[in-house]
Amino acid sequence: MTLKVTVGEESGWAVLCVSGEMDLLTSPVLRQRVHDAVADGRRSIVLDLSEVLFCDSSGVGVLIATRRLIRSCQGRLRLILPARGAEDGSHVNRVLSALGVRRLFEVYPDVGAALDEGATPLSA
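Cut-off values and rules
Residues numbered from 1 in each chain as written. Predicted model: local features only at pLDDT ≥ 70, side-chain atom pairs only at ≥ 80, totals over all residues. Heavy atoms only, no water. Helix = DSSP H or I, 4+ residues; strand = E, 2+ residues; numbered from the N terminus. Rg over C-alpha atoms; globule rule 2.2 N^0.38 Å. Buried < 20%, exposed > 50% of the residue type's maximum accessible area, 1.4 Å probe, protein only. Contact = heavy atoms within 4.5 Å. Areas by Shrake-Rupley, 256 points an atom, 1.4 Å probe, with all protein chains shown as cover. Lys, Arg positive; Asp, Glu negative; His and termini not counted. Charge placed at Lys NZ, Arg CZ, Asp CG, Glu CD. Pairing = 2+ DSSP bridges. Axes fitted to C-alpha atoms, helices over the stretch in contact; angles between N-to-C directions.

**Student:** Quick question: what am I supposed to make of the overall build of the chain here?
**Tutor:** In terms of helices and strands, the chain carries 4 helices and 5 strands. The linear arrangement of helices and strands in the chain, starting from the amino end, is β-β-α-β-α-β-α-β-α. Expected size for 124 residues packed as a compact globule is a radius of gyration near 14 Å; at 13 Å, the chain falls within 12% of this value. Out of the 124 residues in the chain, the part that is buried amounts to 45%. Considering only contacts within the chain whose residues lie at least 6 apart along the sequence, 67% involve residues at least 24 apart. Within the structure as shown, the chain displays about 6,300 Å² of accessible surface, and the carbon and sulfur contribution to it stands at 50%. Taking the average location of the 14 positive side-chain charges in the chain and that of its 15 negative ones, the two points are 8 Å from each other.

Take a look at the structure:
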């Protein structure tokens, strides 16, 4: 399966909607899209991962590298990880939790909540 990343803009945030599988072969696509957004001057990024069906360690590595990059330029990163996303629940949410890195990210249930400055992130 492939990874599809569509890039949009909403309320001053770059919104990257990711669907498919994040693995060793496809994760570089997301990494490049994030780097492109930052190179274009975007410092506030939402990664909508609700349609990601699979994520392995290389996908998690891209998410952690993205966090590091955004923090280095004093930006903001928010993830969309609905409790039930993709087909049978948010695979990415389970993987991040199992690896103990979910707490590193500001997580929201949907794009609307992520863009709402008054919304509280979901607890880890």
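**Student:** What is the right way to look at the sheet that holds strand S4 (residues 76–80) in this model?
**Tutor:** Spatial ordering of the open sheet is given by S1-S2-S3-S4-S5, a layout of 5 strands whose pairing is mixed. Since the sheet does not close on itself, it has two edges, and those belong to strand S1 (3–10) and strand S5 (106–108), each with one partner. On average, each strand axis in the sheet is inclined to that of its neighbour by 25°, with strand direction left out of account. For strand S3 (residues 44–55) and S4, the ladder comprises 5 bridges, and the chain directions are parallel. In the strand pairing of S4, Ser44 is matched with Arg76. Lying over the sheet, helix H2 (residues 57–72) contacts strand S2 (13–22), S3 and S4, oriented at roughly 175° with respect to S3.

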